[in-house]
Amino acid sequence: MIPRVFFVTALDFTYHSAARKRLLCFGKSLRCAGIESRYYSLVNGTYGIDEVEARFPERSQRRGRGLLNLLRFVIGLRDDCKKSAFTPALVLYPTSYQILDIALILLFKISTRYRIFADINEVRRYTIQWQGLRSVFSKGGLRKAFAYLLSLFADMCFAFLHGHIYISVPIQRYFGKKNAIIVPILCDDVAESRPSPKRWTRGDTFELGFAGTVDIVKERMEIFFAGLKMLLRENRNVVVNLYGAIGDKEKEALDSVLEEYGLASHFRYRGVYPREQLIDLLVTENHALILPRGETKQNAYGFSTKLTDYLEAQLPIVTSRVGDVCRYFRQGENAILYDPGSPLDFAENLRSLIENYDELAPQLIEGANALRTNALAYRQYSLVLAKFLGVEPGLPPNG
């Protein structure tokens, strides 16, 4: 029988392509050590690794997050654990749906037979943004207070886990070092059938791609908008393509901000796509990729999983110096880095990339490819993960 690891989450695989990719890379890494992975999503159901990789769950197949479905989900997971020939290790991928995190930890810790771990790649928003009792009396204060207490309790429950997998050094310092390992963003192999990148010649419109959820407040994107406005005073031929889900309320807020900065005609909404199709579109429709993360406490602790898609697209990456970015990326070597609090620094760095694109782009792509295939390749962590999870390696797929 093949040893198993169960990945458990409230993640909706329909939308969160970068997070889904991290879980897939965990599974592929363990498969190199002869360990099978199963994925349990409260929203999408249960899949094997090949199904999660190939399948793009339809919205009609999504399940609700009500308490009844949560109960069925946890009971089904418990039954699968009991049927497993090997005692599986459970890896929790936390989300904003803290009730699932709390329920799994409390219910499964009743039985010491199961080892439970968590992959922690960011600090919960409500935990770190809490402003004290005075915020209770502000608009929506009671709701925020309840969310804070729930987040705090979920974080406290992490102390009962067997171990933590951290995505960055800062987040390890935040939670503590007891029985923990650091596994940074992980990259997959690049598809051999990837299309040729979009060519750019001087005078053409320079297209920047952004993939992921647009959160103006969380990412402090006003720095990005202000910097882009500065650049456009000299070069009007710059367009940003947005890929990913955006709700009506968020789109209305973004449209309002873009109008305020005079940028509305320079942004295009491209929609939601399956991951492989998304990466192909990033390659064929853009000349560089942008990740405009602002200088916030939450960003300072993290390491954005969006960068995995960007690295696999093999285009120049423009991002800010936040979190663990500077631990792996070097200015002018494998990325263009700018000060997250300076619109001027962003504008000057992007201007330099555009003006020296023919020279810089190949250099940046070569450096990023070396980073992807060495320090961030999922194969590098197969035995490390297996040992940490306490799962005895089996026979790799090739025997």
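In this text the structure is predicted, and so the values were computed from the model without any measurement.

> An account of the sheet that holds strand E6 (residues 163–166) is requested, with residue identities and associated values reported.
Within the open sheet, the seven strands sit side by side as E3-E2-E1-E4-E5-E6-E7. Their pairing is mixed. A strand with exactly one partner marks an edge of an open sheet, and here the two such strands are strand E3 (45–48) and strand E7 (180–182). Taking the axes of each pair of neighbouring strands and ignoring which way they run, one obtains an average angle of 20° across the sheet. Lying over the sheet, helix H3 (residues 67–83) contacts strand E1 (4–9), strand E2 (36–41) and strand E4 (89–93), oriented at roughly 175° with respect to E1. Each of E1, E4 and strand E5 (115–120) touches helix H4 (residues 98–109); the most contacted strand, E4, lies at about 160° to it.

> Can you explain the pattern of salt bridges? Please cite residues and give values.
Taken as a whole and assessed by the stated rule, the structure comprises 13 salt bridges. Of the charged contacts, one joins Arg 22 and Asp 119 as a salt bridge, the two residues approaching to 2.9 Å between their closest N and O atoms. Here Arg 22, found in helix H1 (residues 17–31), pairs with Asp 119, found in strand E5; they are 97 residues apart in sequence, far enough to count as distant. With respect to burial, Arg 22 and Asp 119 carry one shared label: buried. Asp 255 is paired through a salt bridge with Lys 251; the nearest N and O atoms lie 3.0 Å apart. Of this pair, Asp 255 and Lys 251 both sit in helix H9 (residues 248–261), four residues apart, which is roughly one turn of that helix. Several salt bridges share partner residues, and in doing so they unite Lys 21, Lys 28 and Asp 188 into one network.

> Let's hear about helix H8 (residues 222–232): which residues, and what values?
For H8, the buried fraction is high: eight of the 11 residues fall into the buried class. All buried positions along H8 are accounted for by Ile 223, Phe 224, Phe 225, Ala 226, Gly 227, Leu 228, Leu 231 and Leu 232. Of the surrounding secondary structure, the elements contacted by the buried residues of H8 are strand E9 (238–243), H9, strand E10 (267–271), strand E11 (288–291) and helix H14 (343–355).

> An account of the sheet that holds strand E8 (residues 206–211) is requested, with residue identities and associated values reported.
Ordered in space as E10-E9-E8-E11-E12-E13, the six strands form an open sheet in which the pairing is parallel. Only two strands of the sheet have a single neighbouring strand rather than two, namely E10 and strand E13 (336–338). Pairwise comparison of adjacent strand axes, ignoring direction, gives a mean angle of 25° for this sheet. Bridge count for E8 against E9 is six bridges, and the pairing is parallel. Bridging from a neighbouring strand, Ala 211 pairs with Tyr 243 of E9. Seen against the sheet, H8 touches E9, E10 and E11 and runs at an angle of roughly 150° to E9. Of the strands in this sheet, E8, E9, E11, strand E12 (317–320) and E13 touch H14, which is tilted by about 165° from E13.

The rules behind each value
Residues numbered from 1 in each chain as written. Predicted model: local features only at pLDDT ≥ 70, side-chain atom pairs only at ≥ 80, totals over all residues. Heavy atoms only, no water. Pairing = 2+ DSSP bridges. Helix = DSSP H or I, 4+ residues; strand = E, 2+ residues; numbered from the N terminus. Axes fitted to C-alpha atoms, helices over the stretch in contact; angles between N-to-C directions. Contact = heavy atoms within 4.5 Å. Salt bridge = Lys/Arg side-chain N within 4 Å of Asp/Glu carboxyl O. Buried < 20%, exposed > 50% of the residue type's maximum accessible area, 1.4 Å probe, protein only.

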